[in-house]
Amino acid sequence: MKPADVGALAGRVLDAVNGVVVGKRDALTLVFAGILAGGHVLLEDLPGLGKTLTARSFALALGLDFRRLQFTPDLLPADVTGSFLYDQRTHDFTFRPGPIFTNLLLADEINRTPPKTQSALLEAMQERQVSVEGTTYPLRPPFHVLATANPIEYEGTYPLPEAQLDRFLLRVSFGYPTADEEWDVLRRRMSRRREEISIEPVVDAPTLSAMQAALETVTVEDSVGRYIVTLAAATRNHPQVLVGASPRGSLALLLLSRAVAAMAGRDYVIPEDVKAVAVPALGHRLTLRPEVWLRRVNVDQVVREVLEQTQAPASGALPSYAARRA
């Protein structure tokens, strides 16, 4: 599959999802870019703004197996991964897979469960496998986690540690709709005369895997690659940042910018692709200095400041790795 084909299919998928999740095309594009790049997405926003609806809509449009797991304080790791149960017919223990064995897992309110259960997701998110009682079970591709979190409610929650935040390729927020968009939500609800939504699949799991594989053909010129590295390094040297983005942040920028380029039908990355994903890709990877909190400076502002201070390249040269391969 060529990047131009990816762009055409991606547009149809976004049109289908945008028909249900009203007025959030830019945010939906970022979510789909994370899926195309093979990563996991953290949806951090207030209740009732369409996070769960977004996950379910993408699962329907992409033709993926979908599971929703509600994270609660009493949820155990075995409730996520599965466990061995005694079978009286065979007089032996058999493995019963948990909800993590799916294509698209919605980890709803992930910050409401203790760290022990949160950590049950780490191996699956990074290694695409689950280990239970010394036995490893692979997760069939595609596998993606869309997790939701409430950014302002702290009572009874367990903040995600930096190691787990770093496993998410990007963090996306929707924000409140405009008055016209909110009326459109109500109008569509009255028009369909039922609560449930219905979306016809645009692609299926093998087609999504082919779209993801096509991203490897999207080239990144050397100056654009160094621009990505410079942005990540600038977050580490920023005076308001205690811990900057790791090389995993640079890799996230690379993967997401490739996805954005392919969604636009291009087989090459331009600096604007990098800028479009810099805030969602790097913001959750930064730790600000304690004294900055009093001035209500947030991580997204820091990333935008880094973007303004870092000069973008202007080059049409071929990437060096492509030249060596040729």
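These lines cover the structure that appears in this document, whether it is placed above or below.

Another aspect to go through is the nonpolar core. Across soluble globular proteins, you tend to see nonpolar side chains buried next to one another. Grouped together as the largest cluster of nonpolar side chains are 73 residues, with contacts concentrated most on F32, L36, F58, L62, V172 and L253. Judged by nonpolar contacts, the second largest core, of 26 residues, contains A107, L121, L139 and L160.

For T217, the position within the fold is in the loop between α9 (205-214) and α10 (222-237). Linking T217 and P290, residues 73 residues apart in sequence, is a C-alpha distance of 43 Å. Other than its neighbours up to four places away in sequence, T217 contacts P3 and D267.

Next up on the list: the sheet that holds strand β5 (residues 104-108). Reading across from one edge, β2-β5-β8-β1-β9 is the order of the five strands in this open sheet, with parallel pairing throughout. With one partner strand each, in any of the chains shown, β2 (66-70) and β9 (170-172) form the two edges of the open sheet. For this sheet, the mean angle separating the axes of adjacent strands, direction not counted, is 20°.

A separate point is the pairing of strand β1 (residues 41-44). The sheet contact formed by β1 and strand β8 (residues 144-149) spans four bridges and is parallel. Across the sheet, residue L43 finds its bridge partner in β8, namely T148. Here β1 pairs with β9 via three bridges, running parallel. Residue pairing for β9: L42 is matched across the bridge by R171.

Glancing now at the pattern of salt bridges. Per the stated rule, a full pass over the model turns up 13 salt bridges. The partner of D300 in a salt bridge is R171, with the nearest N and O atoms 3.4 Å apart. Here D300, found in helix α14 (residues 299-309), pairs with R171, found in strand β9; they are 129 residues apart in sequence, far enough to count as distant. For D300, a relative accessible area of 22% translates into the label partly exposed. R171 gets classed as buried once you look at its relative accessible area, which sits at 19%. For R258, the salt bridge goes to E216, with nearest N and O atoms at 3.3 Å. Placement of the pair is R258 in helix α11 (residues 247-263) and E216 in the loop between α9 and α10, with a sequence separation of 42 residues.

Our focus in this paragraph is the side chain of H40. In this structure, H40 sits in the loop between α2 (25-36) and β1. The buried category is assigned to H40, whose relative accessible area is 2%. A polar atom in the side chain of H40 sits 2.9 Å from the backbone nitrogen of V145. Apart from residues no more than four positions distant in its own chain, H40 is found in contact with M125, R128, F143, H144, V145, R167, F168, L169 and L170.

Turning to unusual backbone geometry, a few remarks are in order. For the bond running from P141 to P142, omega is -5°, close enough to zero to count as cis. Mapped onto the fold, P142 is located in the loop between β7 (135-138) and β8. Even without glycine at this site, E109 takes up a positive phi of about 55°. Note that E109 resides in the loop between β5 and α5 (115-118). Although it is not a glycine, R128 sits at a positive phi angle of roughly 60°. Looking at the secondary structure, you find R128 in the loop between α6 (120-127) and β6 (129-132). For R128, a relative accessible area of 26% gives the class partly exposed.

Let us now look at the packing of aromatic side chains. If you walk through the whole model with that rule in mind, you get five aromatic pairs. A network of ring pairs unites the aromatic residues F84, F95, F101 and Y137 as a single cluster. Taking NZ or CZ as reference, R266 lies 5.6 Å from the ring centre of Y268, over its face.

The rules behind each value
Within every chain, residues take consecutive numbers counted from 1 along the sequence as written. The predicted origin of the model limits local features to residues at a pLDDT of at least 70 and limits the giving and counting of side-chain atom pairs to 80 or more, whereas totals for whole chains, interfaces and linings rest on all residues. Computation of side-chain values: all heavy atoms of the structure, hydrogens and water removed. The criterion is simple. A nonpolar core is a set of buried Ala, Val, Leu, Ile, Met, Phe, Trp, Tyr and Cys residues joined through side-chain atoms within 4.5 Å. Think of it in three bands: with a 1.4 Å probe and only protein chains considered, a residue is buried below 20% of the maximum accessible area for its type, exposed above 50%, and partly exposed in between. The numbering of helices and of strands both runs from the N terminus, where a helix is a DSSP run of H or I of at least 4 residues and a strand a run of E of at least 2. Any two residues having at least one pair of non-hydrogen atoms within 4.5 Å are treated as being in contact. Two strands qualify as a pair provided that DSSP identifies no fewer than 2 bridges between them. Every axis corresponds to a line fitted to the C-alpha atoms, with the helix fit spanning only the stretch in contact, and the corresponding angles, defined between N-to-C directions, vary from 0 to 180 degrees. By definition here, a salt bridge exists when the distance from a side-chain nitrogen of Lys or Arg to a carboxyl oxygen of Asp or Glu is within 4 Å. Here a polar contact is recorded for every N or O atom pair within 3.5 Å, except that within protein the pair must consist of a potential hydrogen donor and a potential acceptor, and residues adjacent in sequence are included only if both atoms are side-chain atoms. Two rings from Phe, Tyr or Trp (for Trp, the six-membered ring) form a pair when their centres are within 6.5 Å of each other. A pair whose planes differ by under 30 degrees is stacked, one over 60 is edge-to-face, and the rest are tilted. Remark: a charge is flagged as sitting over a ring if the NZ atom of Lys or the CZ atom of Arg is within 6 Å of the ring centre and within 35 degrees of the ring normal.

So yeah, pure geometry; function would need other evidence.
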